[in-house]
Each structure stands twice: as C-alpha cells, then as structure tokens.
Amino acid sequence: AKAGGKHQFRIFDETMRFDLLHKRKLEDALQGALSQNQFTLHFQKQVHVPSGEVKGYEALLRWQQPDGLYIPPAEWIQLAEETGLIVPIGYWVLQTACQTAKKWQDALQTRFTISVNISALQLMQYDFADQVLAVLAETGLDPRHLVLELTETLLIQSIETSTNHLNFLRDKGVRIALDDFGKGFSSLSYIKQLPADIIKIDKSFIDHIDDSSVDRVIMESIISLVQRIDKEVVAEGVEKQEQLRILQAIGCDFVQGYYFSKPLPEHQAFHALVEV
Ligand code: C2E
Ligand code: CA
Ligand code: CA
Ligand code: CA
C-alpha cells in the first residue's frame, strides 16, 4: 500500500480474505458496482522497442467505491470469476475499451491497438465471438485494432470452445495475446495449441534480467523461440532503463511497464497520445 498516495488503499490481509462475512460483503458490493457505474478503465502504453512509438494501450479495470476507496483488481477479480460476475463486467470492459479507442482514433487520426483482458468464463459463453463482433460493429472499431489478452492458466478449462471462438475472431482480424507467459507449467504446449499472435512474457522473467545472466539467457531464448514461430513478443513490467536496454539488445518487439508509464485514467492517457 502506498501511504499518502493519490488514492486510498484498502488492505485485505489473508485472514480477512478468507473471512466469509467479508467475502459476502465484497460480493454484494461487486454486484452493485456495475449498475452504479463504479468501474472505470485505466490505460497503459505498449511501446514498440525499435521505434519507441506507442503501439497501443492495455485497458485495465479499476473499481472506485462511492466513499472514494479504490480496490485493486487483485483483490476481487477472482471473486468476480467465482460468482460469474466477470461475464457482465467483462462485457462492459470490452464495450468501453473499444468505444474509447475508437474515440481517440477519430480525434487524432492515428491508429493503435487496444488490448482487453478476457476471462476464461467469458470465453466459455457460447456466443462470445458474436458478442465481440457486435461490440466492434456498434463502436466502429476496426477488428485489426483489437487485441484480446488471455491467460494460459484459465484456458485449461475449455480449450476446444476457446480455440473455436478465437479462430473465428482471428479470421475477422482480431488478434490474440497469451498473457503472463511463463507463469504456468505447460507454457510451451500452450504456445503450440493456442491460436495466439502475441506472447506477453510475465514480469517475473523481466525483473532480474539486469542482474542475472541466467535470467538474461532465458529471456533471450524465449524471445527467439517466439519470433521463430512468427509471433510478436511483449515484455511486461519493465521498470528500469537497464532492463529496456537489454530487451532492446535481445530484439524484443514491444514493452510495457512503469518505466514508460503506469496505467492512466482516460483523459491522461489521451493527452499522452496527443503529445507523441
Ligand atoms: P495483467 O493483465 O497481467 O496486467 C498487468 C498488471 O501489471 C496490471 O496490474 C498493471 O498495472 C501491472 N503493471 C504494469 N506495468 C508494471 C510494472 O512495471 N511494474 C509493476 N509492478 N506492475 C506493472 P493491475 O491493473 O492491478 O491488474 C492486475 C490483473 O488484474 C491483470 O493482470 C489482469 O489479470 C486482471 N485484470 C485487470 N483488468 C481486467 C479486466 O478488465 N478483465 C479481467 N478479466 N481481468 C483484469
Ligand atoms: Ca493483461
Ligand atoms: Ca500479464
Ligand atoms: Ca496477471
């Protein structure tokens, strides 16, 4: 928690996390959050390494309660998954992210991608692909400017339905990113099975590339592997200039992280685009 920061943080410790009463309260609050417009999106830059240009933005969900308290997604995304609430919430995220991206593109006459995190539960809906197409049609966003980010751990549950939806959407131009790559156990088999265009390498692989030669070699190998099977690489959680320098030398395509920018509220993210 950051004392004295712009937001107040509510800290949930492990005892509270498993406290049923607390969980039920949180669930009730989560139910109301959608209808009461308590969700908002923040946007984090994704930067093309060779040119330094902004390639796009990742939309990240934020929950600000009426009392001003801000609850980080790590504290409630899992509960939203367990209760199924992530389905309507995720639909709202998709709609809002596409709408915002289209608005920015029109205002600036520039092209960039918008990346949206998708839960496995959303992907398991029989009409998921139709919903995505409907949102694209409604907002007027070019499908080639939408990236869906999926985590491998969540995809285990229904690889066949998922693959069908994803292949259908890819045919329309939507691109698929495999998020948190390397965190799970069966990463390499997922790269083989999943119709992904982009691999996002988990922050834990980037954290020590500036002080561990082993980590550097692992990163180098992952990047060359991914590029040899014609996929793009995004390194997540780049915080230091030295990490960027190494990633540049290794030939990493895209980077994202606090070194460039934290996720920003809509108007700030828009201004950052104008300044480019
Ligand atoms: P993620 O998809 O892996 O998103 C990246 C997370 O890393 C974000 O945390 C981002 O703020 C943080 N991050 C980015 N750069 C840095 C850095 O340089 N250093 C550090 N320490 N962190 C960095 P955030 O926004 O708290 O989101 C956490 C997770 O919540 C996301 O991880 C994603 O799994 C989930 N999430 C967020 N928004 C959504 C959403 O709309 N739908 C779903 N299903 N999940 C979401
Ligand atoms: Ca993500
Ligand atoms: Ca990630
Ligand atoms: Ca994650």
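Residues numbered from 1 in each chain as written. Chains lettered and ligands numbered in written order. Predicted model: local features only at pLDDT ≥ 70, side-chain atom pairs only at ≥ 80, totals over all residues. Heavy atoms only, no water.

Points about the site of ligand 1
Inspection of the region around ligand 1 gives 21 residues, with Arg62, Asn117, Asp179, Glu239 and Tyr258 positioned closest. Within the side chain of Gln44, an N or O atom sits 3.1 Å from a nitrogen atom of ligand 1. The side chain of Asp179 places a nitrogen or oxygen atom 3.0 Å from an oxygen atom of ligand 1. Compared with its free state, where it exposes 810 Å², ligand 1 has 80% of that area covered by protein. Every element with two or more residues in the shell around ligand 1 is listed here: strand 2 (54-64), helix 4 (86-108) and strand 6 (175-181). A per-element tally of the shell around ligand 1 places strand 2 first, with 4 residues. In the shell around ligand 1, the residues fall into 9 nonpolar, 5 polar and 7 charged. (Near = heavy atom within 4 Å. Polar contact = N/O pair within 3.5 Å; in protein donor to acceptor, adjacent residues only side chain to side chain. Areas by Shrake-Rupley, 256 points an atom, 1.4 Å probe, with all protein chains shown as cover. Helix = DSSP H or I, 4+ residues; strand = E, 2+ residues; numbered from the N terminus. Nonpolar A, V, L, I, M, F, W, Y, C, P; charged D, E, K, R; others polar.)

So, the packing of aromatic side chains
This model, assessed by the stated rule, comprises 10 aromatic pairs. Where Phe39 meets Trp92, the ring centres are 6.4 Å apart and the plane angle is 45°; that geometry is what we call tilted. Separated by 53 residues along the polypeptide, Phe39 in strand 1 (residues 39-48) and Trp92 in helix 4 bring together distant segments of the chain. Taking relative accessible area as the criterion, Trp92 reaches 22% and is therefore assigned partly exposed. With centroids separated by 5.4 Å and ring planes inclined at 70°, the aromatic side chains of Tyr57 and Trp104 adopt a geometry described as edge-to-face. Placement of the pair is Tyr57 in strand 2 and Trp104 in helix 4, with a sequence separation of 47 residues. Classification of Trp104 as buried rests on a relative accessible area of 2%. Among the aromatic residues, those joined into a ring-pair cluster are Phe43, Tyr57, Trp104, Phe112 and Phe270. Note that Lys55 overlies the ring of Phe254, its terminal NZ or CZ placed 5.0 Å from the centroid. (Phe/Tyr/Trp six-rings, centres within 6.5 Å; stacked < 30°, edge-to-face > 60°. Buried < 20%, exposed > 50% of the residue type's maximum accessible area, 1.4 Å probe, protein only. Lys NZ or Arg CZ within 6 Å of the ring centre and 35° of its normal.)

Notes on the coordination of the calcium ion (ligand 2)
The calcium ion (ligand 2) binds to the protein through Glu58 (OE), Asn117 (OD1), Glu149 (OE) and Asp179 (OD), with metal-donor distances spanning 2.1 to 2.3 Å. Written as a sequence motif, the donor residues of the calcium ion (ligand 2) are E-x58-N-x31-E-x29-D. In this structure, the calcium ion (ligand 2) lies 4.1 Å away from the calcium ion (ligand 3), the two metals sharing Asp179 as a donor. Taken together, the residues span a long stretch of sequence, with Glu149 in strand 5 (residues 146-151) and Asp179 in strand 6 at a distance of 30 residues. Classification of Asp179 as buried rests on a relative accessible area of 5%. (Donors = N, O, S within 2.8 Å, 3.2 Å for Na, K, Ca; no water.)

Regarding helix 13 (residues 266-275)
Those residues of helix 13 lying buried are Ala269, Ala272 and Leu273. Here the buried residues of helix 13 occupy an arc of 100° about the axis, which is enough to place them on one side. Every exposed residue of helix 13 that faces more than 90 degrees away from the buried side is listed here: His267 and Glu275. On the buried face of helix 13, the contacting elements are strand 1, strand 2, helix 4 and strand 10 (264-265). (Arc of directions from axis to C-beta. Contact = heavy atoms within 4.5 Å.)

Overview of the coordination of the calcium ion (ligand 4)
Only Asp180 (OD) and Asp180 (OD) from the protein reach the calcium ion (ligand 4) as donors, at distances of 2.7 to 3.1 Å. A separation of 5.9 Å is found between the calcium ion (ligand 4) and the calcium ion (ligand 2). Within the fold, Asp180 resides in strand 6.

A closer look at the side chain of Asp180
Buried within the structure, Asp180 lacks any salt-bridge partner; Lys183 is the closest side chain of opposite charge, at an N-O distance of 4.0 Å. Beyond its immediate sequence surroundings of up to four residues, Asp180 is in contact with Thr151, Glu152, Lys200, Asp202 and Glu236. (Lys, Arg positive; Asp, Glu negative; His and termini not counted. Salt bridge = Lys/Arg side-chain N within 4 Å of Asp/Glu carboxyl O.)

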